[in-house]
Amino acid sequence: MYDVVLLTLGSERDASGGCGSGGTCCGGATGADTDPVTGGDTTGGDTTGGDTTGDGGGARGDADGCATERPRVPVLACADALTARGARVQTVTARSDAEIDEALSRLDGPPRPDGLTWPDPDGKTRLVVATASDGQLRAVLRRLVRRYAPAPSRRPADLPADRTLPDLPPVAVLPLDPARGGTHRDLAAQLGLPRDPAAVAAAVLDGTPRRLDLLRNDGGSVTLDGALFGAADDAGRPLHWRARVEVDDTVLTDGDELLLACAIGNAGGYAMVDDVTLLAAPDPADGQVEVAVAVPVVGRSALGRKRVRLEVRRARGRAVSVLPREGKVPYLDDGVEGELTRKRSWWIEPGAWAIWAI
């Protein structure tokens, strides 16, 4: 039977320093050029799978239901369901990156001749991540990437040609909060994953891995769902900004035009903003990223009156870059706030991570 690690991220008040330098497991401060996951400076171009200057953890503090000292009811219920099926369960509340890494070390494979740390493809240990937000799930995936992605100088021959990291170990997702209404659905809802603890336990023990694409970026972080650039004022009116946006060899905007929004979609969480469809068909398993920009275009009616329409331009590809032309561009990345002042690039890692699904 399987060993199961049931991992929950602890809140920032439970440990000094939180998850990494300057960050927290459930909500590090963000600022200009600060990655909402890493909590550190993202002006460097780290593409080795290592960190930049910090390594925080992703979600929004206790307001979003981060775990505290006592495991929450869904965690206990899932542990009971797993134990009833004969699994050996260990519940872990991680309050630092080191504690996350210690839990993830159980997924390591045997030593390799090249000395790389590699996931065990035949391991009997399975991981369940209890999440109050997509940002928390991303925090764990980022640590998996940091653990297993080799430096370019140590790239092994058995690494897929279109990837910079091996197949990451599958994870099961245990949502800690009920599905929320509205246009934005969390990743578990988008993927049709169970929310009932007993059903999650069944997926862990009886399911098969469903492989999904992963977005990495040159700030050392990852994206599971997508990112949305832009903001509104206090009255709800969208603010204008400028940036150069490229998808592979396609330039969606050169940076001279005003923009209202830009969406980078691996999945569909940011497919729509208000009543505007930005992303047409984002698919987290098609090996491509879909990108859209919303550009206000001024025209004239037949009577000569000024009219403004919204033009949405889309492109699909393997990589995307966003270069702000002026000031700070606010954004959400897997639901976590950040501000971009310098060029950021994302690229797709096809089928790099996986979930347990029935």
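How each quantity is defined
Residues numbered from 1 in each chain as written. Predicted model: local features only at pLDDT ≥ 70, side-chain atom pairs only at ≥ 80, totals over all residues. Heavy atoms only, no water. Phe/Tyr/Trp six-rings, centres within 6.5 Å; stacked < 30°, edge-to-face > 60°. Lys NZ or Arg CZ within 6 Å of the ring centre and 35° of its normal. Helix = DSSP H or I, 4+ residues; strand = E, 2+ residues; numbered from the N terminus. Buried < 20%, exposed > 50% of the residue type's maximum accessible area, 1.4 Å probe, protein only. Axes fitted to C-alpha atoms, helices over the stretch in contact; angles between N-to-C directions. Parallel < 35°, antiparallel > 145°, perpendicular 65-115°, else oblique. Left-handed = near helix turned anticlockwise from the far one by under 90°. Contact = heavy atoms within 4.5 Å. Nonpolar A, V, L, I, M, F, W, Y, C, P; charged D, E, K, R; others polar. Expected span 1.5 Å × (residues − 1). Arc of directions from axis to C-beta.

**Some remarks on the packing of aromatic side chains**
Point 1. One pass over the structure, following the stated rule, counts 2 aromatic pairs.
Point 2. Residue placement shows arginine 126 over the ring face of tyrosine 2; its charged tip is 3.8 Å from the ring centre.
Point 3. Seen from the ring of tryptophan 356, arginine 126 lies directly overhead, with NZ or CZ sitting 3.8 Å from the centre.

**Digging into unusual backbone geometry**
Glycine aside, a negative phi is what most residues show, and trans is what most peptide bonds show.
Point 1. At aspartate 274, a position not held by glycine, the phi torsion is positive, near 55 degrees.
Point 2. Among the structural elements, aspartate 274 can be located in the loop between β11 (272-273) and β12 (276-277).
Point 3. Note on aspartate 274: relative accessible area 65%, which makes it exposed.
Point 4. Of note, the phi angle at aspartate 334 is positive, near 55 degrees, even though the residue is not glycine.
Point 5. When you line up the elements, aspartate 334 lands in the loop between β16 (329-333) and β17 (336-340).
Point 6. Taking the relative accessible area as the measure of exposure, aspartate 334 reaches 4% and is therefore buried.

**A short note on the packing of helix α2 (residues 97-104) against helix α3 (residues 134-148)**
Point 1. One way to put it is that α2 packs onto α3 with a least axis distance of 10 Å and a crossing angle of 70 degrees. Overall, the two elements α2 and α3 adopt an arrangement that is roughly perpendicular. As α2 runs across α3, the sense of the crossing is right-handed. Along the contact surface, α2 presents Asp97, Ile100, Asp101 and Leu104, while α3 presents Val140, Arg143, Leu144, Arg147 and Tyr148.
Point 2. Residue composition of the contact of α2 with α3, by class: 5 nonpolar, no polar and 4 charged.

**Quick notes on helix α1 (residues 73-84)**
The α-helix winds at 3.6 residues per turn, so residues separated by three or four positions along the chain end up facing the same way.
Point 1. Compared with the 16 Å implied by 1.5 Å per residue over 12 residues, the 16 Å span of α1 between its first and last C-alpha is a close match.
Point 2. Of all the residues in α1, the buried ones are Pro74, Val75, Cys78, Ala79, Ala81 and Leu82. Mapping the buried residues of α1 onto a view down its axis gives an arc of 165 degrees, with all of them on the same face. Projecting away from the buried face of α1 at angles above 90 degrees are the exposed residues Val73, Asp80 and Ala84.
Point 3. Contact partners of the buried residues in α1: β1 (3-9), β2 (88-94), β3 (125-131), β4 (171-175) and α5 (197-206).
Point 4. Following α1 by one or two positions, glycine 86 adopts a phi angle in the positive range, close to 95 degrees.

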